[in-house]
Structures are given as structure tokens and as C-alpha cells.
Amino acid sequence: MNPEASGERSVAAGWIGAAVTGDVIGLPAEILNAARDVQAPPGLTNLPPAPLCLGREAELVRLHEVGDTAIMQASTVHGLGGVGKTTLALAYAHRYRHAYSVVWWINADSPTRIEQSLAELTRRLLPGLTADRDRVAWAMAWLQWHPGWLLVFDNVEAVADLSPYLGALGGGRHLVTSRRAVGWPRSMRTLALGTLDAEQAVELIRATAYGETELTVRELQDVRALAAELGYLPLALEQAGAYLRQNPTVTVPAYYRRLPTKLDKAVDGLDAERTIARIWTQTLDALTARNPAAVELLYTLAWLAPDEVPVGLLETDDADPDAVPEALGDLAAYSMATVTRHAVSVHRLVQQVLRVGADAVPAGRLAAERALVRALDGLDPETGAWDPLIPHLIALAETRPDGHHDEVVTDLYYRAALRLHGQGHNARTVALFEAVLAQCEHDRGDLHPDTLTVRGNLARACEVAGDLRRAVRLFEQVLAQREQALGAMHPDTLRSRNNLASCYQTVGDLRRAVALQELVLAQFEQVLGTMHPDTLMGRSNLAYTYREAGTPERAVPLLEAVLAQRVQVLGELHPHTLISRSNLAGAYRAVGDLPRAVRLFEVVLAQREQALGATHPDTLMSRSNVACAYTTAGDARRAVSLQELALAQHEQVLGELHPATLTSRDNLACAYATFGDAGRAVPIYELVCVQREQVLGKLHPDTLLSRSNLAYGYAATGQVARAVPLLEEVLARREQVLGAQHPDTLTSRDNLAVAYGMAGRPDLAAALAAVDRHE
């Protein structure tokens, strides 16, 4: 057979030993023979030092299996810049280097760098050659003569750059890392590399920053928060750990607060060119050259929520119908976004890098705002059509540049906040009300009634979200401003005073709460009369605070009076009357009068079923209250069966993640645990912990209560070693959120002391017991 070739620089041969693109270089026969005869010294390699590679065991095993079984023996690891592709490849090369005759690391971000790395192999094997082109040709010939090697092509920018090597070199293993997700030969195995899981991410920061130093519970919490903010991206985690190691006086929260300014900060021990910001800048440059519209779209995505952006949100009527799909395809090809048929997701750290250093109101943000205005125009929030887009409104509100005001977008924020309030998700409204408040202050002034109303809404959102200190400050500010604008005895001022008193009760400052609620009740009676609805509400709030302060006997007569008055004014079945009857039942239970409590809870349930229906949210709450009363009374059969029914109905009516559903789920677990089935309770406690953290945040009082309950479940099932660190965490967080003297904090301290005793640490139990509660 006589092969043919045509055109400039063509190569034709019956068998090609080594073909190099460009000028064809003929090597003398004795040098080519040396390529056959020269033997590599045992263990020849140019690998950089072995990295710290955590959480990638499955991927390492999979790569090795591919190397053993694939005919082509070529694999590509692809993923977002910084996800750990180079680390994985380097860890693989070090772990399995003895399985190969030669392991050679090739910097492959350009054809020139590839040739330089191959020329270096020749220098090690045949020092006499001096021309780089000769060295590349000789290295190719040597690799063809000597099978069993591993070539690692790191950071390949273009698939075509590997064409001269993948086809010509078949006697060993090729391992490629690249940000490119598509375009690889079909015979090549590909591995998409994702981020680490939460525990692995925490360990990477801890090991990099602190080595063998043991962290306190609070320090570990801070590391967990930082890992989550970094999106569990390995290079960002390593970069953070290296910075903290190099700057030991900088705390994790301080680094967290200054995070956007640290993403391109080089530190000792890390390649200055391999910081997060610089790596992604290189990718953006490549994308800009390929498809500028893709980069514009990425800057729009930077201002939306990171997950589940509907593809339809990004499309416009006047655009080329293929423009958005093609731009998304390029973003996916460069691993800058995860694209499905209907939705797009972008790593949160990519978003943060794109937002840093932007103009006051960058074009990408304006495009994101216009997209949401266009999508929500004419849609009624009450239909649920808004729900998939509310996370993106929250993301916009959270990143609103200082001084940026837009009435149309602000109206969307306000309507979204009202929608969330109606769903019981007040904890998610903080950023929305912050943005609305800024607009009100700008348009109407600091003391306008609308501004004060929104500031009060923000205070309430902060209270529900567990940011109690800020809630108190805001409520105090609203009260002072209403006193200034309206006078000390205006009904709106009295309502603000009542709200502040309730917040004092929430944070555990019961002395101030009682004093202020007694004052405001007297003022309600003076200004509005003894039977006004606000007066009755003030009387009910004072009774609740008496109960929380440990004097439920003072609450009972107040609640009996409120109930009688509401029956007289509103009727037996009015919702406020039913609330009063339920509150009175709770007070009876608190003073130990269980028969009256159970009967009254049962009456409220029957009345709510009659007035509101069997599946109204208030009815569901009553059903759960009755079940809790049965639990307190020791009626196991009725308590458990009713809690199971209440939970099923909550899930059906309100959904899996509604706060009331989470409370019902927690109540069921408590019933199981109370009646000796802690093993059944524990997985429910674990689920509620995860869900409350997701819905309410890590520091919300209900989230901390769930963690405490889970610790009880662990202890009850003999898992004391798991209970102790959880109780330590709850105590630290309650001290942080509620203060050292809050009743819940004191309960946590007692629970932890008991757990220390169960764990055989009486010294720690005694140390906790010795803490002066009145410090």
C-alpha cells in the first residue's frame, strides 16, 4: 500500500513513528535509535509535591479503574475552575506512580507549553539534544517505543491542542484536566468533578489553616459558615485556609466579612496565578473571544439566586431566539454554569467574583431586574405563580448597591415579602424589607408613617429570623420615632411599645418585658378603653409573658378575663376568641391543671373544626396542641396517633417545609421519645434539624431547639458521644443569640452538664455547674 499526502506540511508514510505539526524535522538514525535503546531510570517523574486531597476517594478509584480497563486509556477530568481538577490528577499520579514506568506532568494550557514539557522529558533522558523541536520529536519517539507511562495534561484550553498526541501515543495512559466539558473524542472517558461535601470542606479549611490544633465549638461553627459561603469549592477553601494560616490574628468571621476582597489575594504556599479570581478571569477571557453574549448572560446570572434560574426568565421577545440557548451552551461548555433543559445554576462564588468591583449599578444587575419585572408583570402573587421567582427577588434585594433605587423593583420586593408572610416564611423577608425600607427613606423620609411601618416589618422579620439584637434596636427606634412624630399616647405609638415589649420577652429580658407590657396595657385601657381589641391583645401578651417568666398563676386570671371579654365583644367562634381559649388552655397546662387544659384544648379543636373546617391551618395547630396535651398527660396512644394525623395534614395542606409543619414533625418526634421510642424519634429529629436550618437559618431559636432535642434523642439511644458536641454547639449559639442569662441558655447549660456526667466527665459537669448564672 502506497500512502498519499497532499498540501503543505503534509506527512505520508506506511507507519509513522513520530509526526510533529509544523516544520518536519528529520532526526539522525542514531538519535532515533537512542529513543528505542535509552531506558528511563526507575520512578522517573517531574510531579509537583503531593497535594492535600480530601473527599475524592471515589473519584481516585474511578480514574484508576478507567486506566486499567479502557482500550484508549485516556480520561478527562472537567469542571469549574477551582473545583480541584489539578489536585485530583496530581493526587492520582502520586498514589499510582509505581504502576507506571514514567509519570510526566505537562502544563497544557497552550501548544507551546505542551512542547516545552515534552522537551524537558528529553533533557532528562538524552541531555545531548539542544534544539527544542528535536527534543519534542525525540520524546514522541521515545514514548512510542516504551509503553506503560502516564502523561498528565493539566489545564487543557482547547481539545485540538491534544490532537498530535492522543492519536500518536497509544502505549500508555493520558490523563487530562480541563474546564472544557464538551468536544472530547468519544473514545475518551470523562469525569465531571463537583464540589466537596460540607464535612470535607470544613476539614480542608481546618487542616490547611490550623493543622493539628484543636478548634473550639464556636471556631468550628465559624469554619462551617465560611465553607458554606465559599460554596465548598476546594481552591477557595484552600485559599482561605492558607490566608488564615499566614495571618493567625485574623479570625474566621473577619475573613468572612472581607471575603470579596480576598478572592484574588495570593498567599505564601499558593501559586499567585491560581487564586479564584484570576483563574476565572482567564476563563472569562476565553469566553469573551468565543461568544461575548455568553459573558453578558453570566453577568446577569450573577445577580440572581445561584440555583434553578428558569431559562425562560433569561429570554426576551426581541432577541435572536437562538442567542440565549447558544450562550448557555457555551457557559456549560466552559463549566461556568450547570444547564438543564429548563433551568440554570451558577456557583455562588462565581457570582460573587463577578459582582466585586462592578459599577454602582452594572448592566448585568439592570438586566436581571428587567427580567424579573417582565416575568412578574400582571401575575397575582396569591396564585403561587410568584413562588419560583421569589428566591431571585431575594437575591437582588440582598445585593442591592448602596444608593440604587427603583420603585418598580421595590414594589416587587414588597409584594414578595407579603407573599412570604402569608406562607409563614417571615424569616426569609429580611433582605426584602431592607430594600423596601431604603426606598421609603429615600422617597418619603425617615419619619413618614410608611417608613415607620416598613421599619417595624423589618424588625419583626429580624425577630422571627433569630437576629434578636437587631430586632430590639429596630423596635426601639420605631418607638422613639413614633413618640417624636405622633406623641407618647397615640394608638400607633402604643402598638410599637407593645411590639418592643414582646421582643424583650423573646430575647429573654423578662424583667423589662413585664414592666413595659404592664405599662402599655394601662395606656391601652386609658386611651382605647378596656374592651378595645388592642387592649385585649395587650392583656393577652402580658399574660403570656407572666407564663414565660415562670409565674403562670398570674397569667390564668388575665387570660380568663380576656376570654370572657372576647366572647362578649366578638362571639364564641371568632378567631380571636378561639386564640384566647387556646392560650388559656396552655396556661392551665403550665400550672399543672391537666384535666382542664385537655378539655379546653379539645373544645378549641372542635370549635375550629366547626368554624374553619377540618384542615384550616388554625385547626391543624389545635389538633397538634391537643396531642401535646395528651403527651403531657401521659396518654401515649391518643398522643401519638393524633400527632401522626396532625403531621400528615400539615404536610398535605401547608407543605413539607412550612414552619408549622416543621413544628408538627418535631412534636411527633417528642411524642415518640417521651413514650420510650427514642430510636424512632432520632431520624425525625435529624430531619427537622436540617429542614429548620434550611428554612429558618442556623441561629433561629427553633433551629437551636431542634438541635437540643436531637441531642436528647442521641443520649436516650446511648449515643452520648454524639450528644455532647451537639449540646456544646447549642449552648455556644444560644449564648451568641440570646445571651448568657436567657432561660433557654440556662437550660442548655444544665443539659450539657448532665451529658458530661453521662459521658464520664464529671470535671466538665462540675465546671459548668459552677458557672455563676448572675454574672
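A. View of the pattern of salt bridges. Counted according to the given criterion, the structure contains 40 salt bridges. Between Arg419 and Glu382 there is a salt bridge; the shortest N-O distance is 3.9 Å. Note that Arg419 is positioned in helix α17 (residues 407–423) and Glu382 in the loop between α15 (363–376) and α16 (390–398), a separation of 37 residues in sequence. When the shortest N-O distance is used, the salt bridge between Arg470 and Glu434 registers 2.5 Å. With Arg470 in helix α20 (residues 468–486) and Glu434 in helix α18 (residues 430–444), this pair connects stretches of sequence that are 36 residues apart.

B. Summary view of the nonpolar core. If you look at the biggest cluster of nonpolar residues, it comprises 119 residues, and the most contacted ones within it are Leu331 and Met336. No other element matches the eight residues that α18 contributes to this core. Excluding residues within four positions of it along the chain, Met336 makes contact with Leu80, Trp280, Thr283, Leu284, Leu287, Leu298, Leu331, Val346 and Val350. Within the second largest apolar cluster, 36 residues are counted, among which are Leu44, Ala108, Val136 and Ala141.

C. Up close: the side chain of Lys85. Tracing the backbone through its elements, the reader meets Lys85 in helix α3 (residues 85–95). Nearest to the buried, unbridged Lys85 among oppositely charged side chains is Asp154, at 7.6 Å. A polar side-chain atom of Lys85 sits 3.1 Å from the main-chain carbonyl oxygen of Gly79. Beyond its immediate chain neighbours, meaning those up to four positions away, Lys85 contacts Val77, His78, Gly79, Leu80, Thr177, Ser178, Arg179 and Leu193.

D. Local environment of helix α22 (residues 510–528). The terminal C-alpha atoms of α22, which comprises 19 residues, lie 26 Å apart, in line with the 27 Å expected from a rise of 1.5 Å per residue. Taken together, the buried positions of α22 are Leu510, Ala513, Val514, Leu516, Gln517, Val520, Leu521, Gln523 and Phe524. Check the buried side of α22 and you find it contacts α21 (491–506), α23 (533–548) and α33 (743–758). Count one or two residues on from α22 and you reach Gly529, which has phi positive near 100 degrees.

E. Examining the sheet that holds strand β8 (residues 338–339) more closely. Ordered in space as β7-β9-β8, the three strands form an open sheet in which the pairing is antiparallel. The sheet terminates laterally at β7 (309–310) and β8, the two strands that pair on one side only. Note: β8 against strand β9 (residues 343–345), two bridges, orientation antiparallel. Directly across from Val339, in β9, lies its bridge partner Val344.

F. Structural detail: the pairing of strand β3 (residues 102–107). Where burial is concerned, most of β3 is hidden: five out of the six residues are buried. Pairing of strand β1 (residues 44–45) with β3 involves two bridges; the strand directions are parallel. Residue pairing for β3: Leu44 is matched across the bridge by Val102. By the bridge criterion, five bridges tie β3 to strand β4 (residues 150–156) in an arrangement that is parallel. Residue pairing for β4: Trp105 is matched across the bridge by Val152.

G. The side chain of Asp330, seen in detail. Tracing the chain through its elements places Asp330 in helix α13 (residues 323–333). Overall, the relative accessible area of 11% leaves Asp330 in the buried class. Among the polar contacts listed, one links the side chain of Asp330 to the side chain of Asn291, at a separation of 2.9 Å. In this structure Asp330 touches Leu287, Arg290, Asn291 and Ala294, once residues within four positions along its chain are discounted.

H. Looking closely at unusual backbone geometry. The phi dihedral of Tyr232 falls on the positive side, at around 60 degrees, and the residue is not glycine. Considering the arrangement of structural elements, one finds Tyr232 in the loop between α8 (217–229) and α9 (234–246). Accessibility expressed as a relative area gives 25% for Tyr232, which makes it partly exposed. Not every positive phi belongs to a glycine, and Glu308 is a case in point at roughly 55 degrees. Relative to the assigned elements, Glu308 resides in the loop between α12 (292–301) and β7.

I. Spatial organisation of the sheet that holds β3. Pairing is parallel in the open sheet, where six strands are placed in the order β1-β3-β4-β5-β2-β6. Bordering the open sheet on either side are β1 and β6 (189–192), each of which pairs with just one other strand. Bridge analysis of strand β2 (residues 74–78) against strand β5 (residues 173–178) gives five bridges, and the strand direction is parallel. Note on β5: the bridge partner recorded for Val77 is Thr177.

Scoring rules and cut-offs
Residues numbered from 1 in each chain as written. Predicted model: local features only at pLDDT ≥ 70, side-chain atom pairs only at ≥ 80, totals over all residues. Heavy atoms only, no water. Salt bridge = Lys/Arg side-chain N within 4 Å of Asp/Glu carboxyl O. Helix = DSSP H or I, 4+ residues; strand = E, 2+ residues; numbered from the N terminus. Core = buried A, V, L, I, M, F, W, Y, C linked by side-chain atoms within 4.5 Å. Buried < 20%, exposed > 50% of the residue type's maximum accessible area, 1.4 Å probe, protein only. Contact = heavy atoms within 4.5 Å. Lys, Arg positive; Asp, Glu negative; His and termini not counted. Polar contact = N/O pair within 3.5 Å; in protein donor to acceptor, adjacent residues only side chain to side chain. Expected span 1.5 Å × (residues − 1). Pairing = 2+ DSSP bridges.

Everything listed is a geometric property; what it means functionally is a separate question.
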